[in-house]
Amino acid sequence: MAKNPDPETKRSSKRMTAAERREQLIATARTLFADRGVDGTTVEEIAARASVSKPVVYEHFGGKEGLYAVVVDREVRTLLDMMRGALTSGGPRELLQQAAFALLTYVETSSDGFRILVRDAPVGGSPNGSYVSIIGDVASRVEDILVGEFKRRGYESKLAPMYAQMLVGMVSTTGQWWLHARKPSKDVVTAHLVNLAWNGLSNLEVKPVLTPPHDED
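**Student:** What is the right way to read helix H4 (residues 54-61) from this model?
**Tutor:** One turn of the α-helix equals 3.6 residues, which is why residues spaced by three or four share an orientation. Of all the residues in H4, the buried ones are Val56, Val57 and Phe61. The arc that holds the buried residues of H4, viewed along the axis, is 105°, so those residues lie on one side. H4 presents Pro55 and Glu59 as exposed residues on the side facing more than 90 degrees away from its buried surface. Of the surrounding secondary structure, the elements contacted by the buried residues of H4 are helix H2 (18-36), helix H3 (43-50) and helix H5 (64-86). Of the residues trailing H4, glycine 62 is marked for its positive phi of about 80°.

The structure is reproduced here in structure tokens:
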């Protein structure tokens, strides 16, 4: 007569691997951090939501701050890759459009991640590896384009860094607003944002549309 499997053996066969448990904790914490912020989330809540004991969280991440740092790092890399990949060749207007569209796409596809990045200051108070650093990276690329454009038009090129911050700041703030509004559509928001930045209030187009990409000669 065959013996029934030992209950403990049966449970062990269903246990997650260390890597699987780590990913589960990251996903669980990501949702809680997005809803409540890092200060409003406790290790007890993370453990309870993941159906594990508190020591398991400490074993994998050393505590809430370590887990938060991993979550933020992943979101930073995801957004930075999207932004860098979007900023291809083109003039200032195309560059602005690419940056705006990429940021809104991230907001659309990773709302929890965006909430985490804009809600809480980075661990240790350093701007490195944060939403601030991503926006700074984009502004640097915009600045490079604006320097050449300013020289071509006879403007003071030393003002390019300031204008780059203005343009990218406009995109960033609009992204935070659209996180909650979600209307109008991503395409419409991007077109109007570029319309304001490019034409100014005195020359706004009545019905702006996205500019199709073109191949450089």
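**Student:** How should I be thinking about a nonpolar patch on the surface in this particular structure?
**Tutor:** On the surface, Leu159, Met162, Tyr163 and Met166 cluster together into a nonpolar patch covering about 350 Å² of accessible area. With respect to the helices and strands, the residue tyrosine 163 is situated in helix H9 (residues 160-181). Given a relative accessible area of 37%, tyrosine 163 falls into the partly exposed group.

**Student:** In this structure, what is going on with unusual backbone geometry? I would like to understand it.
**Tutor:** Trans peptide bonds make up most of the peptide bonds, and negative phi angles are found at most residues other than glycine. That bond from lysine 183 to proline 184 is cis: its omega, -5°, falls within 30 degrees of zero. Within the fold, proline 184 resides in the loop between H9 and helix H10 (186-199). A positive phi angle, near 60°, is found at serine 51, a position not held by glycine. You can see serine 51 is positioned in the loop between H3 and H4. For serine 51, a relative accessible area of 64% corresponds to the exposed category.

Basis of the calculations
- Residues numbered from 1 in each chain as written.
- Predicted model: local features only at pLDDT ≥ 70, side-chain atom pairs only at ≥ 80, totals over all residues.
- Heavy atoms only, no water.
- Buried < 20%, exposed > 50% of the residue type's maximum accessible area, 1.4 Å probe, protein only.
- Helix = DSSP H or I, 4+ residues; strand = E, 2+ residues; numbered from the N terminus.
- Arc of directions from axis to C-beta.
- Contact = heavy atoms within 4.5 Å.
- Patch = residues over 30% accessible without salt bridge, like charges linked within 9 Å, V, L, I, M, F, W, Y side chains within 5 Å.
- Areas by Shrake-Rupley, 256 points an atom, 1.4 Å probe, with all protein chains shown as cover.
- Salt bridge = Lys/Arg side-chain N within 4 Å of Asp/Glu carboxyl O.

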